[in-house]
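# Structural overview for review
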Amino acid sequence: MKNFDKIYEEIYSENYSKIHSIRNKNIIRSTIITLFFVLISIPVAIHISLVLTVIFDLIIAFLIFFNPFFNNYNKAYKSNIINALINKYDPNLTFKPDATMSKKVYDAAGFDIYNEYNSNDYISGLLEGKTPFQMSDIHTLYVTRDENGHKTKTTTFKGLFSVSELNQIIPDKIQIRLDKKIFTSEAKDNNKINMDSQEFEKYFNVFAQNKLLTMQILTADLMNYILSFKKENNIKFEIIIKHKKLYTRIHCKNIFEGNILKNPLDYTVLHTYFKYLDFIIELNKKLNYTLSNKDL
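Summary of the structure given here. This one's a predicted model, so the numbers in the text were calculated from it and none came from an experiment. (Residues numbered from 1 in each chain as written. Predicted model: local features only at pLDDT ≥ 70, side-chain atom pairs only at ≥ 80, totals over all residues. Heavy atoms only, no water.)

## Things to note about the overall build of the protein chain
Inclusion rule: Strands are runs of DSSP state E lasting at least 2 residues, helices are runs of H or I lasting at least 4, and numbering of each runs from the N terminus. Residue burial is assigned from relative accessible area. The probe radius is 1.4 Å, only protein chains are included, and a residue is buried under 20% of its type maximum, exposed over 50%, and partly exposed in between. Contact between two residues is taken to exist if any of their heavy atoms lie within 4.5 Å; hydrogens are not considered. The method behind every accessible area is Shrake-Rupley, applied with a 1.4 Å probe, and residues are considered shielded solely by the protein chains displayed.
Along the protein chain, the regular secondary structure elements total 7 helices and 7 strands. Helices (α) and strands (β) of the protein chain occur, in sequence order from the N terminus, as α-α-β-α-β-β-β-β-α-β-α-α-β-α. For the protein chain, with 296 residues in total, the buried portion stands at 44%. Looking at the protein chain alone, contacts between residues at least 24 apart form 71% of all its contacts between residues at least 6 apart. Of the roughly 15700 Å² of accessible surface on the protein chain, 53% is carried by carbon and sulfur atoms.

## Topic: unusual backbone geometry
In this structure, Asn234 is a non-glycine residue whose phi angle is positive, near 50 degrees. Note on placement: Asn234 falls in the loop between α6 (220-233) and β7 (237-251). By relative accessible area, Asn234 is classed as exposed at 62%. The phi dihedral of Asn254 is positive, around 55 degrees, even though this residue is not glycine. Following the sequence through the fold, Asn254 ends up in the loop between β7 and α7 (267-292).

## Some remarks on empty space enclosed by the protein
Counted only if it meets this: Space inside and on the surface of the protein is sampled on a 1 Å grid over the protein atoms alone, with a cavity defined as a set of points where a 1.4 Å probe fits but cannot get out and a pocket as an open set with protein on both sides within 12 Å along at least 5 of 7 lines; lining residues have an atom within 4 Å of a point. Grid points are joined across faces, edges and corners, and a volume is the space filled by probe spheres set on the points. Throughout this entry, Asp, Glu, Lys and Arg are counted as charged residues, while Ala, Val, Leu, Ile, Met, Phe, Trp, Tyr, Cys and Pro are counted as nonpolar. The remaining residues, Gly among them, count as polar.
If you walk through the whole model with that rule in mind, you get 1 cavity of 30 Å³ or more. Its boundaries defined by the atoms lining it, the largest cavity holds a volume of some 30 Å³. Lining the largest cavity are Lys2, Tyr89, Asp90, Leu127, Glu128, Ile281 and Lys285. Looking at side-chain class alone, the lining of the largest cavity contains 3 nonpolar, no polar and 4 charged residues.

## Side note on the pairing of β7
To be explicit about the condition: We call two strands paired when DSSP finds no fewer than two bridges between them.
Taking burial as the measure, the 15 residues of β7 include 11 buried ones, the bulk of the element. Bridge count for strand β4 (residues 151-177) against β7 is 12 bridges, and the pairing is antiparallel. Each bridged residue has a counterpart across the sheet, and for Val163 the counterpart in β7 is Tyr247.

## Notes on the environment of Ile226
Along the chain, Ile226 falls in helix α6. A C-alpha to C-alpha distance of 9.8 Å links Ile226 and Ile280, two positions 54 residues apart in sequence. Ile226 has contacts with Ile176, Phe200, Phe204, Phe237, Ile239, Phe279 and Leu283, leaving out every residue within four places of it along the chain.

## Some details on the nonpolar core
This is how it is decided: Side-chain atoms within 4.5 Å link the members of a nonpolar core, which is a set of buried Ala, Val, Leu, Ile, Met, Phe, Trp, Tyr and Cys residues.
Counting residues in each nonpolar core, the largest one holds 62 residues, and the members touching the most others are Leu218, Ile241 and Ile250. If you tally residues by element for this core, the top one is α7, at 11 residues. Beyond its immediate sequence surroundings of up to four residues, Leu218 is in contact with Ile174, Ile176, Met195, Val206, Met223 and Ile241. If you look at the next biggest cluster of nonpolar residues, it comprises 13 residues, including Ala109, Phe111, Ile138 and Phe161.

## Overview of the side chain of Thr248
Just so we agree on the cut-off: Polar contacts, as counted here, are pairs of nitrogen or oxygen atoms within 3.5 Å of one another; within protein the pair requires one atom able to donate a hydrogen and one able to accept it, and residues that are adjacent in sequence qualify only if both atoms are side-chain atoms.
Secondary-structure assignment places Thr248 in strand β7. A residue is classified by how much of its surface remains accessible, and Thr248, at 2% relative accessible area, is buried. At a separation of 2.4 Å, a polar atom in the side chain of Thr248 contacts the side chain of Ser162. Residues within four places of Thr248 in sequence aside, it is in contact with Phe111, Leu160, Phe161, Ser162, Glu238, Ile239, Ile280 and Leu283.

## Considerations on the packing of aromatic side chains
This is how it is decided: We call Phe, Tyr and Trp rings a pair once their centres come within 6.5 Å, taking the six-membered ring for Trp, and we label the pair stacked below 30 degrees between planes, edge-to-face above 60, and tilted otherwise. A ring is considered to have a charge above it if a Lys NZ or an Arg CZ atom is located within 6 Å of its centre and within 35 degrees of its normal.
Summed over all chains, the structure comprises 25 aromatic pairs. Their ring planes at 45 degrees and their centres at 5.9 Å tell us that Tyr106 and Tyr117 sit as a pair that is tilted. Taken as a pair, Tyr106 in helix α3 (residues 103-109) and Tyr117 in strand β2 (residues 116-127) lie far apart in primary sequence, 11 residues in all. Just as Tyr106 is buried, Tyr117 falls in that class too. Relative to Phe237, the ring of Phe229 has its centre 5.3 Å away and its plane inclined at 70 degrees; by these criteria the two rings are edge-to-face. Judged on exposure class, the residue Phe229 and its partner Phe237 are both buried. Over the ring of Tyr225 we find Lys286, and its NZ or CZ is 5.1 Å from the ring centre.

## Focus: α7
Heads up, the rule is: How far a helix is expected to stretch is found by multiplying one less than its residue total by 1.5 Å.
When the terminal C-alpha atoms of α7 are compared, their 37 Å separation across 26 residues agrees well with the 38 Å that a helix rising 1.5 Å per residue should span. Capping the start of α7 is the job of one residue whose side-chain oxygen sits 3.0 Å from the backbone nitrogen of Thr268: Asp266.

## Thoughts on α6
The terminal C-alpha atoms of α6 lie 20 Å apart, and with 14 residues this matches the ideal 20 Å at 1.5 Å per residue to within 8%. For α6, the set of buried residues is Leu222, Met223, Tyr225, Ile226, Leu227, Phe229, Lys230 and Asn233. Looking at the buried residues of α6, the elements they touch are β4, α4 (198-203), α5 (211-217), β7 and α7. Backbone geometry just after α6 places Asn234 at a positive phi near 50 degrees.

Quick look at the structure:
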């Protein structure tokens with residue numbers, strides 16, 4: 001398992017001056033332009049309604065001038081801080097903030113039903129130089145229209161989605177959920193399995209057709225690892241083991257996004273990103289180790 005503190009120290013020492021310089025320059029420039037815009041608007045405001053007009057001008061100035069600086073800073077944050085975090089975790093991984101994961105890759109897991117798909121912050125490569133891996137920030141929505149043509153958008157998933165290769169083909173589809181619902185409408189293909197661990201069943205429900213195979217794959221060590229991550233982080237996540245793939249998705253918001261008003265090297269924030277990445281990759285390793293010792 002990787003050591004976050006060591007990685008953090010390296011990121012901090014290598015990027016502190018640069019990222020804070022970029023952050024401060026963007027804050028100063030946006031503030032100066034915004035104040036200038038407001039000052040030249042005051043004479044006009046005096047003849048109308050001073051307070052309301054100045055407030056309106058501040059809002060307009062913020063939207064027009066501040067947003068580009070936010071975006072510039074966010075790009076620098078991803079390029080320097082997030083890229084360093086991922087590269088130091090595993091130099092075989094490549095981070096492309098503007099790239100997207102193929103919709104077909106996400107659909108192959110069969111997690112949910114949706115009709116609008118968005119992706120960015122794409123990570124790909126060979127884990128430790130040997131295991132194919134992809135991960136991305138995914139946002140799926142179910143969009144409906146009423147009789148007047150008005151859209152209603154409901155988020156079906158927002159967070160990190162990943163897929164990694166397994167060293168054996170699984171002759172079943174095993175789903176690990178936090179609730180009793182199934183991912184798709186195909187209820188006949190999803191049977192709930194009663195696991196040996198009562199503690200695990202307090203938090204998770206397992207769906208599959210082959211109980212014996214499921215028990216062989218979900219060993220006590222693997223279940224304890226999944227359970228520990230749930231207890232320590234208190235977040236919603238789901239896992240599918242299907243054919244020769246491990247699919248995971250972690251429900252979270254604003255992953256890998258920089259906020260110009262916050263510390264770019266915040267320990268807790270970066271540690272959270274690290275834990276998500278580490279959990280997914282370590283899960284793949286543990287599962288492959290289990291499979292290598294089983295005759296399926």
